[in-house]
Amino acid sequence: MYIIGLIIFGLLLATLYHRYYPVSDIPCIDISDERIKDMVVLDIRDYNETAEQSIANSLHIPYAYLKRHFSTIPSKSVHIIANDEIEKNLGIRFLRRHGFDVQSYSIIHCPCREGGNKRWNTVKKSKTA
């Protein structure tokens, strides 16, 4: 019984690490930066989020569909556009596992773009409030 508990605990820790631990060595770059001109800009946000704020010249494949459509991504350097940290972590890890060279990322509701400089100021602004 003790071994089963350790196995379950280990799987839980691995899942939490994969989902929440930040991906290292990937810089956050603003969407308007000149460095992403030569990269494939991959928008992994949901369709609902993309409808609100569309990014020109980006390839839009939501994270939920990456397993099915990752073969349509050109094999160049990739810049990820995500909605939050979790989506970014999962997307970068998935693409790295499949051999893509992820160079940078952008988060749409980034605190530095909303006037703050605090790392944990990630509250999404509601349109109905």
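1. With respect to the overall build of the protein chain
Right, on to step 1. Looking only at helices and strands, one finds 4 helices and 4 strands in the protein chain.
Right, on to step 2. Along the protein chain, helices (α) and strands (β) appear in the sequence α-β-α-β-α-β-α-β when read from the amino end.
Right, on to step 3. Put simply, the protein chain has 129 residues, and 33% of those count as buried.
Right, on to step 4. In the protein chain, of all internal contacts separated by at least 6 residues, the share reaching a separation of at least 24 is 66%.
Right, on to step 5. Accessible surface computed for the protein chain: about 8,800 Å², of which carbon and sulfur atoms make up 56%.

2. Observations regarding the nonpolar core
Generally speaking, a soluble globular protein has its nonpolar side chains buried in company with each other.
Right, on to step 1. Counting 18 residues, the largest nonpolar core has Leu-42, Leu-66, Ile-73, Val-78, Ile-80, Ile-92 and Leu-95 as its most contacted members.
Right, on to step 2. Those elements that place two or more of their residues in this core are β1 (40–43), β3 (77–82), α4 (85–97) and β4 (101–107).
Right, on to step 3. Contacts of Ile-73, omitting those with residues within four sequence positions, involve Val-40, Leu-42, Leu-59, Ile-61, Leu-66, Val-78, Leu-95 and Phe-100.
Right, on to step 4. With 8 residues, the next largest nonpolar core counts Ile-31, Ile-36, Ile-55 and Ile-108 among its residues.

3. A word on α4
Right, on to step 1. Given a rise of 1.5 Å per residue, 13 residues ought to cover 18 Å, and the 18 Å separating the end C-alpha atoms of α4 matches this to within 8%.
Right, on to step 2. Two residues or fewer past α4, Gly-99 is found with a positive phi of approximately 90°.

4. Quick look at a nonpolar patch on the surface
Right, on to step 1. Nonpolar side chains collect at one region of the surface, where Tyr-2, Ile-3, Leu-6, Ile-7 and Leu-11 lie side by side and expose about 590 Å² of accessible area between them.
Right, on to step 2. Following the sequence through the fold, Ile-3 ends up in helix α1 (residues 2–20).

5. Details of the packing of aromatic side chains
The geometry of two aromatic rings is summed up by the distance between their centres and the angle between their planes.
Right, on to step 1. Here the structure, examined in full by the defined rule, presents 3 aromatic pairs.
Right, on to step 2. Ring geometry for Tyr-47 versus Tyr-65: centroids 6.0 Å apart, planes at 45°, classification tilted. Separated by 18 residues along the polypeptide, Tyr-47 in helix α2 (residues 47–52) and Tyr-65 in the loop between β2 (59–60) and α3 (66–69) bring together distant segments of the chain.
Right, on to step 3. The lysine or arginine in question, Lys-88, covers the ring of Tyr-105, its NZ or CZ lying 4.5 Å from the ring centre.
Right, on to step 4. The side chain of Arg-93 reaches across the aromatic face of Tyr-17, ending 5.1 Å from its centre.

6. Things to note about unusual backbone geometry
Right, on to step 1. Positive phi, close to 65°, is recorded for Asp-25, a residue that is not glycine.
Right, on to step 2. Looking at the secondary structure, you find Asp-25 in the loop between α1 and β1.

7. Quick notes on the side chain of Lys-88
Right, on to step 1. On the secondary structure map, Lys-88 appears in helix α4.
Right, on to step 2. A residue is classified by how much of its surface remains accessible, and Lys-88, at 2% relative accessible area, is buried.
Right, on to step 3. Polar side-chain contacts of Lys-88 include one of 3.3 Å to the side chain of Glu-85.
Right, on to step 4. For Lys-88, the residues in contact, after removing those within four places along its chain, are Val-23, Ala-82, Tyr-105 and Ile-107.

Rules of the game
- Residues numbered from 1 in each chain as written.
- Predicted model: local features only at pLDDT ≥ 70, side-chain atom pairs only at ≥ 80, totals over all residues.
- Heavy atoms only, no water.
- Helix = DSSP H or I, 4+ residues; strand = E, 2+ residues; numbered from the N terminus.
- Buried < 20%, exposed > 50% of the residue type's maximum accessible area, 1.4 Å probe, protein only.
- Contact = heavy atoms within 4.5 Å.
- Areas by Shrake-Rupley, 256 points an atom, 1.4 Å probe, with all protein chains shown as cover.
- Core = buried A, V, L, I, M, F, W, Y, C linked by side-chain atoms within 4.5 Å.
- Expected span 1.5 Å × (residues − 1).
- Patch = residues over 30% accessible without salt bridge, like charges linked within 9 Å, V, L, I, M, F, W, Y side chains within 5 Å.
- Salt bridge = Lys/Arg side-chain N within 4 Å of Asp/Glu carboxyl O.
- Phe/Tyr/Trp six-rings, centres within 6.5 Å; stacked < 30°, edge-to-face > 60°.
- Lys NZ or Arg CZ within 6 Å of the ring centre and 35° of its normal.
- Polar contact = N/O pair within 3.5 Å; in protein donor to acceptor, adjacent residues only side chain to side chain.

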